[in-house]
Amino acid sequence: DVKVTQSSRYLVKRTGEKVFLECVQDMDHENMFWYRQDPGLGLRLIYFSYDVKMKEKGDIPEGYSVSREKKERFSLILESASTNQTSMYLCASSLSGSNQPQHFGDGTRLSIL
Amino acid sequence: TQLLEQSPQFLSIQEGENLTVYCNSSSVFSSLQWYRQEPGEGPVLLVTVVTGGEVKKLKRLTFQFGDARKDSSLHITAAQPGDTGLYLCAGSGNQFYFGTGTSLTVIP
């Protein structure tokens, strides 16, 4: 089974801090994704990566950056956390190809105080 | 702008009832997927539909892809408490787009 592991289930940070969310997948998937999930808005794509050191902006990249130095690891960085970034963050991975299913981690609930 | 709109947003029904969830868009997708998410977990894929008009069945769940590949529906027959969860549709084009979600509660 595909395993996508997010480093923290819950995280509390302060406004202005630099925050790192880590995600690791163990199935050699080419694609990796970061989403945020808010009530009534579904999942919104922040960034995705289709290869090592490659990244593409999603729908809401402002205030975020990403890093993919190794195929199995995709990091989401909040450069200077703000209260409007309080949310559930979900990481996913998939094989290459537009119809491939995405496999998700269990999410990180991030609170910015 | 939300490409995929789901309705209803919330649904609470009694065990044994039938229900339909809709996923609508003005965009055409090469495929559409349905996921279910339970509290504290990430979404899990239920089905992928690729061909316009395609119907797929998964036990008591029936999924249909619209003829024009712009919309989809999920029908659940004789709902059970274990069906409770957040149902998400997702369309594949040049990017992956998730719907707004339908939160289903089945009351025993």
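One can find the structure itself at the top, above this paragraph.
Residues numbered from 1 in each chain as written. Chains lettered and ligands numbered in written order. Predicted model: local features only at pLDDT ≥ 70, side-chain atom pairs only at ≥ 80, totals over all residues. Heavy atoms only, no water.

Visitor: How do you make sense of the overall build of chain A when you look at a structure like this?
Guide: Counting its regular elements, chain A contains zero helices and 11 strands. Counting from the amino terminus, chain A carries its helices and strands in the arrangement β-β-β-β-β-β-β-β-β-β-β. Taken over the C-alpha trace, chain A has a radius of gyration of 13 Å; the compact-globule value for 113 residues is 13 Å, and the two agree within 12%. When the backbone C-alpha atoms are referred to their principal axes, chain A occupies close to 40 × 30 × 25 Å. Counting contacts in chain A only where the partners sit at least 6 residues apart, residues at least 24 apart contribute 55% of the total. Taken as a whole, chain A presents about 5600 Å² of accessible surface, with 49% of it coming from carbon and sulfur. (Helix = DSSP H or I, 4+ residues; strand = E, 2+ residues; numbered from the N terminus. Rg over C-alpha atoms; globule rule 2.2 N^0.38 Å. Contact = heavy atoms within 4.5 Å. Areas by Shrake-Rupley, 256 points an atom, 1.4 Å probe, with all protein chains shown as cover.)

Visitor: When you look at the pairing of strand β5 (residues 44–49) of chain B in this model, what are you seeing that I'm missing?
Guide: Pairing of strand β4 (residues 31–37) of chain B with β5 of chain B involves five bridges; the strand directions are antiparallel. Of the residues in β5 of chain B, the one forming a bridge with Tyr-35 of chain B is Leu-45 of chain B. (Pairing = 2+ DSSP bridges.)

Visitor: Sorry if this is basic, but what is going on with the sheet that holds strand β7 (residues 61–65) of chain B here?
Guide: Hydrogen bonds between backbone atoms are what pair the strands of a sheet, whose relative direction is either parallel or antiparallel. Residue and element names in this part refer to chain B. Spatial strand order, β1-β3-β8-β7-β6: five strands in an open sheet with antiparallel pairing. The open sheet is flanked by β1 (5–7) and β6 (55–58), the only strands paired with a single partner. Here the strands of the sheet are splayed against their neighbours by 15 degrees on average, with no regard to which way each runs. As paired elements, strand β3 (residues 19–24) and strand β8 (residues 71–76) share six bridges and run antiparallel to each other. Each residue of the ladder has a partner; that of Asn-24, found in β8, is Asp-71. (Axes fitted to C-alpha atoms, helices over the stretch in contact; angles between N-to-C directions.)

Visitor: Looking at this structure, I do not really get the packing of aromatic side chains. What am I missing?
Guide: Each aromatic ring pair is specified by the distance between its two centres and by the angle formed by the two planes. Using the criterion set out here, one finds 10 aromatic pairs over all chains in the structure. Aromatic pair Phe-104 of chain A and Tyr-35 of chain B: ring centres 5.9 Å apart, planes at 90 degrees, arrangement edge-to-face. With one member in each of two chains, Phe-104 of chain A in strand β10 (residues 103–104) and Tyr-35 of chain B in strand β4 form a pair that bridges those chains. Taken together, Phe-33, Tyr-35, Phe-48 and Phe-104 of chain A together with Tyr-35 and Phe-98 of chain B form an aromatic cluster joined through their ring pairs. (Phe/Tyr/Trp six-rings, centres within 6.5 Å; stacked < 30°, edge-to-face > 60°.)

Visitor: Just checking my understanding: could you explain the interface of chain B and chain A for this structure?
Guide: A common way to express how large an interface is: the accessible area buried when the components associate. Every contact between the two is made by 24 residues of chain B and, on the other side, 20 residues of chain A. For the pair chain B and chain A, the two sides together bury roughly 1600 Å², of which 48% comes from carbon and sulfur. When the buried area of chain B at its contact with chain A is split by residue, Gln-95, Phe-96 and Phe-98 of chain B rank highest and sum to 28% of it. Counting the contacts that link chain B with chain A gives five residue pairs in polar contact (both at pLDDT 80 or more). Listed by contribution, the elements that provide at least two residues to the side of chain B that touches chain A are β4, β5, β9 (85–92) and β10 (96–98) of chain B. In terms of residue count, the dominant contributor to the side of chain B that touches chain A is β4 of chain B (four residues). Of the residues that constitute the side of chain B that touches chain A, the class distribution is nine nonpolar, 14 polar and one charged. (Buried area = accessible area lost by both parts, 1.4 Å probe. Polar contact = N/O pair within 3.5 Å; in protein donor to acceptor, adjacent residues only side chain to side chain. Nonpolar A, V, L, I, M, F, W, Y, C, P; charged D, E, K, R; others polar.)

Visitor: Looking at this structure, I do not really get the side chain of Ser-73 of chain B. What am I missing?
Guide: Residues and elements named next belong to chain B. Tracing the chain through its elements places Ser-73 in strand β8. On the basis of relative accessibility, which here comes to 18%, the residue Ser-73 falls in the buried class. Leaving out residues up to four positions away in the same chain, Ser-73 has contacts with Thr-20, Val-21, Tyr-22, Trp-34, Thr-62, Phe-63 and Gln-64. (Buried < 20%, exposed > 50% of the residue type's maximum accessible area, 1.4 Å probe, protein only.)

Visitor: I tried to follow the environment of Thr-20 of chain B on my own but got confused; where do I start?
Guide: Residue and element names in this part refer to chain B. The residue Thr-20 is located in strand β3 in this model. With relative accessibility at 24%, the residue Thr-20 sits in the partly exposed group. Discounting chain neighbours no more than four positions away, the residues touching Thr-20 are Pro-8, Ser-73, Leu-74 and His-75. At 2.8 Å, the side chain of Thr-20 forms a polar contact with the side chain of His-75.

Visitor: For this particular structure, what's the right way to read the nonpolar core?
Guide: Nonpolar side chains in soluble globular proteins generally cluster together in the buried interior. Leu-19, Leu-32, Trp-34, Phe-63, Leu-74, Ile-76 and Leu-104 of chain B are the most contacted members of the largest nonpolar core, which has 22 residues in total. Listing elements by their share of this core, those giving two or more residues are β3, β4, β5, β7, β8, β9 and β11 (102–107) of chain B. Within the second largest apolar cluster, 20 residues are counted, among which are Tyr-47, Ile-60, Val-66 and Tyr-89 of chain A. (Core = buried A, V, L, I, M, F, W, Y, C linked by side-chain atoms within 4.5 Å.)

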